Amino acid sequence: MKRIVVLISGRGSNMEAIALRCTEEGWPAQVVAVVSNRPGAAGLAFARARGIEAEVVDHTAFATREAFDTALADAVGRHRPDLVVLAGFMRVLGEAFVRRFEGRLLNIHPSLLPAFPGLHTHRRALEAGCQAAGATVHFVTAELDRGPIVMQAVVPVRPGDDEAALAARVLAAEHVIYPLAVRWFVEDRLVVEGPRVRHRDGASQLLM
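Residues numbered from 1 in each chain as written. Predicted model: local features only at pLDDT ≥ 70, side-chain atom pairs only at ≥ 80, totals over all residues. Heavy atoms only, no water.

Looking at the packing of aromatic side chains
Two aromatic rings, taken as a pair, are described by how far apart their centres are and by the angle between their planes.
And then number 1: One pass over the structure, following the stated rule, counts 3 aromatic pairs.
And then number 2: Ring geometry for F97 versus F101: centroids 5.0 Å apart, planes at 50°, classification tilted. Taken as a pair, F97 and F101 share a single burial class, namely buried.
And then number 3: Judged by centre distance (6.3 Å) and plane angle (55°), the ring pair of F139 and F185 falls under tilted. With F139 in strand 6 (residues 132-139) and F185 in helix 6 (residues 163-186), the pair connects residues that are 46 residues apart, well separated along the chain. With respect to class, F139 is no different from F185; both count as buried.
And then number 4: One residue, R91, lies across the ring of F68, its end atom 5.7 Å from the ring centre. (Phe/Tyr/Trp six-rings, centres within 6.5 Å; stacked < 30°, edge-to-face > 60°. Buried < 20%, exposed > 50% of the residue type's maximum accessible area, 1.4 Å probe, protein only. Helix = DSSP H or I, 4+ residues; strand = E, 2+ residues; numbered from the N terminus. Lys NZ or Arg CZ within 6 Å of the ring centre and 35° of its normal.)

What follows is the structure, given as structure tokens:
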């Protein structure tokens, strides 16, 4: 049984989607802990209500990013994770943290990487006149939003879209592809070959 630890900073809607699908679909895995850098993160209440251990490592209590990363890594490590999932975790993780969990650290980013890494992705897509936007599940590396891509979802940019409308459409797609990508990981269906990730059985890694 694979052990999943999820990192959140707020509501954690992707964490909810993953935890629910894990139970409903009978994955060979369990979400054993949810860790937040913010004490008031709404997703902590969801975790506790489902009997998932919820923990806070408040980044404001640390003088440096390195000290926070060390405390966070130790907190995550105590749960002996096979997979660490970033689900709306709004802190950039340092190289030491990434190295400790390398190969078992997934993130979802609200753009079609490598386009629009970093913040304000929906605004930037609209300003660029994109006809499509989307989301990307990828392995985390020390280079921000540049790790091997597991799966992507493409959503249309519609006339009259503002940031909120586009963000909602992308988030709905995230709730489909992120649980699926996590399931593939815990079922050992992903093969990382340098910068590329393939599904062992040839399943489509693109949702249109």
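Things to note about the pairing of strand 9 (residues 196-199)
And then number 1: With burial as the criterion, only one face of strand 9 is covered, namely that bearing V197 and H199; the residues R196 and R198 on the opposite face remain uncovered.
And then number 2: Linkage of strand 8 (residues 190-193) to strand 9, two consecutive antiparallel strands, is achieved through a turn of 2 residues, within which G194 is found at a positive phi near 65°. (Pairing = 2+ DSSP bridges.)

Looking at the packing of helix 1 (residues 13-24) against helix 6
And then number 1: Interaxial distance between helix 1 and helix 6 falls to 9 Å at its minimum, and their mutual angle equals 45°. By the angle between their axes, helix 1 is oblique relative to helix 6. In this structure, the crossing between helix 1 and helix 6 has a hand that is right-handed. Counted together, S13, N14, A17, I18 and R21 of helix 1 and L171, E174, H175, V176, Y178, P179, L180 and V182 of helix 6 form the full contact between these two elements.
And then number 2: Grouping the amino acids of the contact of helix 1 with helix 6 by side-chain chemistry returns 8 nonpolar, 3 polar and 2 charged. (Axes fitted to C-alpha atoms, helices over the stretch in contact; angles between N-to-C directions. Parallel < 35°, antiparallel > 145°, perpendicular 65-115°, else oblique. Left-handed = near helix turned anticlockwise from the far one by under 90°. Contact = heavy atoms within 4.5 Å. Nonpolar A, V, L, I, M, F, W, Y, C, P; charged D, E, K, R; others polar.)

Some points on unusual backbone geometry
And then number 1: Backbone torsion omega between L113 and P114 reads 10°, so that peptide bond is classified as cis.
And then number 2: Following the sequence through the fold, P114 ends up in the loop between strand 5 (105-109) and helix 5 (121-127).
And then number 3: Non-glycine residue R80 carries a positive phi angle of around 50°.
And then number 4: Overall, the relative accessible area of 56% leaves R80 in the exposed class.
And then number 5: One non-glycine residue with positive phi stands out, namely D145, at about 55°.
And then number 6: Relative to the elements of secondary structure, D145 occurs in the loop between strand 6 and strand 7 (149-156).

Details of helix 1
And then number 1: A rise of 1.5 Å per residue sets the reference length of helix 1, with its 12 residues, at 16 Å; its end C-alpha atoms lie 16 Å apart and thus fit the reference within 8%.
And then number 2: Of all the positions in helix 1, only S13, N14, M15, A17, I18, A19 and C22 are classed as buried.
And then number 3: For helix 1, the elements touching its buried residues are strand 1 (2-8), strand 2 (29-36), helix 2 (43-49), strand 4 (83-86), strand 5 and helix 6.
And then number 4: Count one or two residues on from helix 1 and you reach G26, which has phi positive near 65°. (Expected span 1.5 Å × (residues − 1).)

Purely geometric numbers; function is a separate question.
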